[in-house]
Amino acid sequence: MIEYFRGPYGANLLLRWHGSALAKAFLPGLLSVILYLSIHYSRSRPPSSSLHTPEFENDDLLNHPYAIGVLVSSVSFLIIFRANYGYQRYWEACSMTHALMSKWIDAACYSAVFHLQSRHYDGARPPSFFGWDELNGRGLTRDREVLPL
């Protein structure tokens, strides 16, 4: 079991490096920021070649709404599918836990039924209806529909 140490508003859990998602996401995030900044600053320099025409000089393709829309929609789909996968794993674990509890209860019931059948448990066995011959001689039955007149 993981022991968590209490802190103010869980700040120690947010800043914890071991076992954190931040540790796994830090390097890819840092690499993507470095890649974005290198592309941004390499494109924002004044053009030195004659291939650039004046009408396209001020356009920044990285800030175009269609490009951002594609990125946002793809990241949204990734997050949604990943959350759905986690939700399915959670409910699969719940159903497996219930199945496990059901099997253990079945095993406990079967052992409780059959363990008292041995002669070793004659002193500890609970009384049975058919163990009282004087009551059976009086015509007492367990049938609730038959009433004596």
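Residues numbered from 1 in each chain as written. Predicted model: local features only at pLDDT ≥ 70, side-chain atom pairs only at ≥ 80, totals over all residues. Heavy atoms only, no water.

The next subject is the overall build of the chain. Regarding its fold elements, the chain presents 4 helices and 0 strands. For the chain, the residues scored as buried account for 2% of the 149 residues in total. Summed over all atoms, the accessible surface of the chain reaches about 14600 Å², with 66% contributed by carbon and sulfur. (Helix = DSSP H or I, 4+ residues; strand = E, 2+ residues; numbered from the N terminus. Buried < 20%, exposed > 50% of the residue type's maximum accessible area, 1.4 Å probe, protein only. Areas by Shrake-Rupley, 256 points an atom, 1.4 Å probe, with all protein chains shown as cover.)

A word on a nonpolar patch on the surface. A cluster of nonpolar residues, W17, L22, F26, L27, L30 and I34, forms a patch on the protein surface that exposes about 610 Å² of accessible area. In this fold, L30 is placed in helix α2 (residues 21-43). (Patch = residues over 30% accessible without salt bridge, like charges linked within 9 Å, V, L, I, M, F, W, Y side chains within 5 Å. Salt bridge = Lys/Arg side-chain N within 4 Å of Asp/Glu carboxyl O.)

What follows concerns the confidence of the model for the chain. For the chain, the mean per-residue pLDDT works out to 76, and 67% of the residues sit at or above 70. Element-level mean pLDDT values for the chain span from 65 in helix α4 (residues 133-137) up to 89 in helix α3 (residues 65-114). (pLDDT = per-residue confidence, 0-100.)

Here we come to the packing of aromatic side chains. Under the criterion given, the structure shown has 3 aromatic pairs. On the basis of an interplanar angle of 20° and a centroid distance of 6.0 Å, the ring pair of F77 and F81 is categorised as stacked. Of the two residues, F77 and F81 both sit in helix α3, 4 residues apart, roughly one turn of that helix. In this structure F77 comes out as partly exposed when scored by relative accessible area, which is 49%. Taken together, a centroid distance of 5.1 Å and an interplanar angle of 70° make the contact between Y90 and W91 edge-to-face. (Phe/Tyr/Trp six-rings, centres within 6.5 Å; stacked < 30°, edge-to-face > 60°.)

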